[in-house]
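Residue-level structural notes
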Amino acid sequence: MEYQFTNDKPIYLQLMDVFKVAIVSGELPKGQRLESVRDLAVIAKVNPNTMQKALSELERIGLVRTERTSGRFITDDEELILSMKKEIAEKEISVFLEKMKKMGITKDAVIKLINDYEG
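A look at the overall build of the chain
- In terms of regular secondary structure, the chain is built from five helices and two strands.
- From first element to last, N terminus to C terminus, the chain shows the α and β order α-α-α-β-β-α-α.
- Taken over the C-alpha trace, the chain has a radius of gyration of 17 Å; the compact-globule value for 119 residues is 14 Å, which it surpasses by more than 25%.
- Seen through its C-alpha atoms, the chain measures out along the principal axes to roughly 55 × 30 × 25 Å.
- Per-residue burial for the chain yields a buried fraction of 27% across its 119 residues.
- For the chain, the proportion of contacts with a sequence separation of at least 24, taken over those separated by at least 6, is 48%.
- In the structure as shown, the chain presents an accessible area of about 8300 Å², 52% of it carried by carbon and sulfur atoms.

Some remarks on the pairing of strand E1 (residues 64-67)
- As defined by bridge partners, E1 adjoins strand E2 (residues 71-74) across four bridges and the pair is classed as antiparallel. By the bridge assignment, threonine 66 is partnered in E2 with arginine 72.
- Remark: three residues form the turn of the hairpin made by E1 and E2, two consecutive strands paired antiparallel.

Focus on unusual backbone geometry
- In this structure, lysine 45 is a non-glycine residue whose phi angle is positive, near 60°.
- If you trace the backbone, lysine 45 turns up in the loop between helix H2 (37-44) and helix H3 (48-60).
- A residue is classified by how much of its surface remains accessible, and lysine 45, at 75% relative accessible area, is exposed.

Observations concerning the packing of aromatic side chains
- What the rule picks out here adds up to one aromatic pair.
- A cation over a ring is seen here: lysine 53 above tyrosine 12, with NZ or CZ 4.2 Å from the ring centre.

Considerations on the layout of surface pockets
- As a volume, the largest pocket reaches approximately 280 Å³.
- Every residue lining the largest pocket is listed: Lys9, Asp17, Lys20, Val21, Met84, Glu87, Ile88, Lys91, Glu92 and Val95.
- Secondary structure elements with two or more residues in the lining of the largest pocket: helix H1 (11-25) and helix H4 (78-102).
- The leading source of residues in the lining of the largest pocket is H4, at six residues.
- Counted by class, the lining of the largest pocket contains four nonpolar, no polar and six charged residues.
- Size it by volume and the second largest pocket reaches roughly 180 Å³.
- The wall of the second largest pocket is formed by Met1, Glu2, Tyr3, Gln4, Thr6, Gln14, Val18, Val21, Ala22 and Glu27.
- A breakdown of the residues in the lining of the second largest pocket according to their chemical character gives five nonpolar, three polar and two charged.

Concerning the environment of threonine 69
- Locating threonine 69 in the fold gives a position in the loop between E1 and E2.
- Between the alpha carbons of threonine 69 and lysine 91 there is a distance of 36 Å; along the sequence they are 22 residues apart.

How each quantity is defined
Residues numbered from 1 in each chain as written. Predicted model: local features only at pLDDT ≥ 70, side-chain atom pairs only at ≥ 80, totals over all residues. Heavy atoms only, no water. Helix = DSSP H or I, 4+ residues; strand = E, 2+ residues; numbered from the N terminus. Rg over C-alpha atoms; globule rule 2.2 N^0.38 Å. Buried < 20%, exposed > 50% of the residue type's maximum accessible area, 1.4 Å probe, protein only. Contact = heavy atoms within 4.5 Å. Areas by Shrake-Rupley, 256 points an atom, 1.4 Å probe, with all protein chains shown as cover. Pairing = 2+ DSSP bridges. Phe/Tyr/Trp six-rings, centres within 6.5 Å; stacked < 30°, edge-to-face > 60°. Lys NZ or Arg CZ within 6 Å of the ring centre and 35° of its normal. 1 Å grid on protein atoms, 1.4 Å probe; cavity = no way out; pocket = protein on both sides within 12 Å on 5 of 7 lines; lining within 4 Å. Points joined across faces, edges and corners; volume = space filled by probe spheres on them. Nonpolar A, V, L, I, M, F, W, Y, C, P; charged D, E, K, R; others polar.

Shape is all these values report; function is a separate question.
Shown next as structure tokens:
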């Protein structure tokens, strides 16, 4: 996972976004055990309390679960993962379409550009 933080929102939210993308992309496979909070914080170069908050929030929404004596694991809930993938995609599309709208490009024009795109 790659961590590049900005100043536009709290670090724990940015960490959550990184984990969400890693989970829905399969970079962090279903059921995989996560490293300790401290180890993850060192890797991400953040305070362990910040990493703890991000993981707790991921647990609250169901993407991560804690097994008391074994640690934290990525959810096995395929439906939840697919739902999160859709949510992330819709958010990205919304941001993209808003940028296109500001440039005076309609949704239909964007669709045509995408259909004509050869990259």
